[in-house]
Amino acid sequence: MAHDMQALQERFTQRRRSCFVLGASGETGRALLRELLQRRLFSRVTLIGRRKMTFEDQAYENLVQEVVDFEKLDDFASAFEGHDVGFCCLGTTKAKAGTEGFIRVDHDYVLKSAQLAKAGGCSHFSLESSKGADKTSSFLYLKVKGQVEADIEELGFDRFSVFRPAVLLVDRQESRPSEWLARKFLAPVSYFFPTAMSIPITSVARSMVVNALVGGEKKVEILENKDIYNLAKLGENKSQK
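Residues numbered from 1 in each chain as written. Predicted model: local features only at pLDDT ≥ 70, side-chain atom pairs only at ≥ 80, totals over all residues. Heavy atoms only, no water.

Enumeration over the complete set of coordinates arrives at nine aromatic pairs. With centroids separated by 5.8 Å and ring planes inclined at 80 degrees, the aromatic side chains of F20 and F80 adopt a geometry described as edge-to-face. Here F20 is found in strand β1 (residues 18-22), whereas its partner F80 is found in the loop between β3 (64-67) and β4 (85-88), with 60 residues between them in sequence. Grouping residues by exposure puts F20 and F80 together as buried. Each ring, one from F20 and one from F125, has its centre 6.5 Å from the other, and the planes form 50 degrees; the classification is tilted. In this pair, F20 is assigned in strand β1 and F125 in strand β5 (residues 124-128), connecting sequence segments 105 residues apart. Under the relative-accessibility criterion, F20 is labelled buried at 0%. Among the residues examined, F125 registers a relative accessible area of 0% and is labelled buried. (Phe/Tyr/Trp six-rings, centres within 6.5 Å; stacked < 30°, edge-to-face > 60°. Helix = DSSP H or I, 4+ residues; strand = E, 2+ residues; numbered from the N terminus. Buried < 20%, exposed > 50% of the residue type's maximum accessible area, 1.4 Å probe, protein only.)

One open sheet holds the seven strands; their spatial order is β3-β2-β1-β4-β5-β6-β9, and the pairing between them is parallel. Edge positions in the sheet fall to β3 and β9 (220-223), since each of these pairs with one other strand and no more. Sheet twist, expressed as the mean angle between neighbouring strand axes with direction ignored, is 15 degrees. Taken together, the four bridges between strand β6 (residues 159-163) and β9 define a ladder with parallel strand orientation. Directly across from V162, in β9, lies its bridge partner I222. With respect to the sheet, helix α4 (residues 140-153) is in contact with β5, β6 and β9, its orientation differing from that of β5 by roughly 175 degrees. (Pairing = 2+ DSSP bridges. Axes fitted to C-alpha atoms, helices over the stretch in contact; angles between N-to-C directions. Contact = heavy atoms within 4.5 Å.)

We now examine the nonpolar core. In a soluble, globular protein the nonpolar side chains are often hidden away together inside. Within the largest apolar cluster, 37 residues are counted, with the highest numbers of intra-cluster contacts made by V21, L32, L36, F42, V45 and F87. Mapped onto this core, the elements with two or more residues apiece are α1 (5-14), β1, α2 (27-39), β2 (44-49), β4, α6 (201-214) and α7 (225-234). With residues up to four places along the chain from it excluded, the contact list for L32 reads V21, F87, C89, A205, M208 and V209. Counting 25 residues, the second largest nonpolar core, distinct from the first, contains I48, V110, L111 and A114. (Core = buried A, V, L, I, M, F, W, Y, C linked by side-chain atoms within 4.5 Å.)

All right, on to the side chain of T93 then. Locating T93 in the fold gives a position in the loop between β4 and α3 (94-119). Among the polar contacts listed, one links the side chain of T93 to the backbone nitrogen of K96, at a separation of 3.1 Å. (Polar contact = N/O pair within 3.5 Å; in protein donor to acceptor, adjacent residues only side chain to side chain.)

This part takes up the packing of α2 against α6. The description of two helices packed together rests on the angle between their axes and the distance between the axes. Two elements in contact, α2 and α6, have axes whose closest approach is 8 Å; the angle formed by their N-to-C orientations is 50 degrees. Considering their axes alone, α2 and α6 lie oblique with respect to each other. Handedness of the crossing formed by α2 with α6: right-handed. Packed against α2, whose contacting residues are E27, T28, A31, L32, E35, L36 and R39, the element α6 presents I201, T202, V204, A205, R206, M208, V209 and V210 at the interface. Residue composition of the contact of α2 with α6, grouped by class: nine nonpolar, two polar and four charged. (Parallel < 35°, antiparallel > 145°, perpendicular 65-115°, else oblique. Left-handed = near helix turned anticlockwise from the far one by under 90°. Nonpolar A, V, L, I, M, F, W, Y, C, P; charged D, E, K, R; others polar.)

Take a look at the structure:
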């Protein structure tokens with residue numbers, strides 16, 4: 001299928017849609033936000049988070065920021081109202097937050113946010129998950145990722161897009177030694193086999209935006225690493241066949 005990206009962007013922009021971003025302070029979230037602002041697809045972009053973010057670039061001056069308490073999200077339901085598209089990059093690690101904290105963030109916070117978004121009129125919810133996500137997995141990380149996917153699917157969004165990237169290639173601001181070692185090993189592999197075991201975080205962000213732009217016929221779509229890579233490539237140029 002041929003996609004004229006320039007024409008798609010123009011038609012999408014004319015609809016004057018709005019979106020929100022969860023997890024904009026994280027690596028994927030920051031890359032996603034840059035992509036959104038560069039393309040100027042949405043008439044309003046809202047960041048929902050536990051604290052207000054500061055930006056020096058004027059490109060960020062029209063952002064709307066909603067500060068919420070994720071432990072009392074029902075009290076902040078209005079922050080999730082009036083958005084057409086929701087992008088969720090919210091997450092932490094067991095090492096950083098402990099087992100209970102990891103489950104609370106990656107499952108409970110994400111699911112509750114999705115529930116409020118659905119109630120607030122959001123029709124398309126995009127979730128950054130993980131390669132291998134499976135609610136029956138014996139590995140906690142993959143089990144939690146798979147469970148939240150399944151729980152959000154039950155909410156019945158008009159469109160639910162799940163992104164399952166492999167190892168993310170990015171220089172994180174926070175130190176994660178295991179990821180640093182993985183990047184050193186996978187960087188040369190990814191050069192020759194770009195969809196095998198890893199993907200640049202910028203590609204994940206771009207694919208999430210392009211996916212919202214091009215639309216889709218499936219109510220629920222699972223985008224594996226190769227799908228993410230192909231979508232990102234599609235968005236590199238104004239048009240692609």
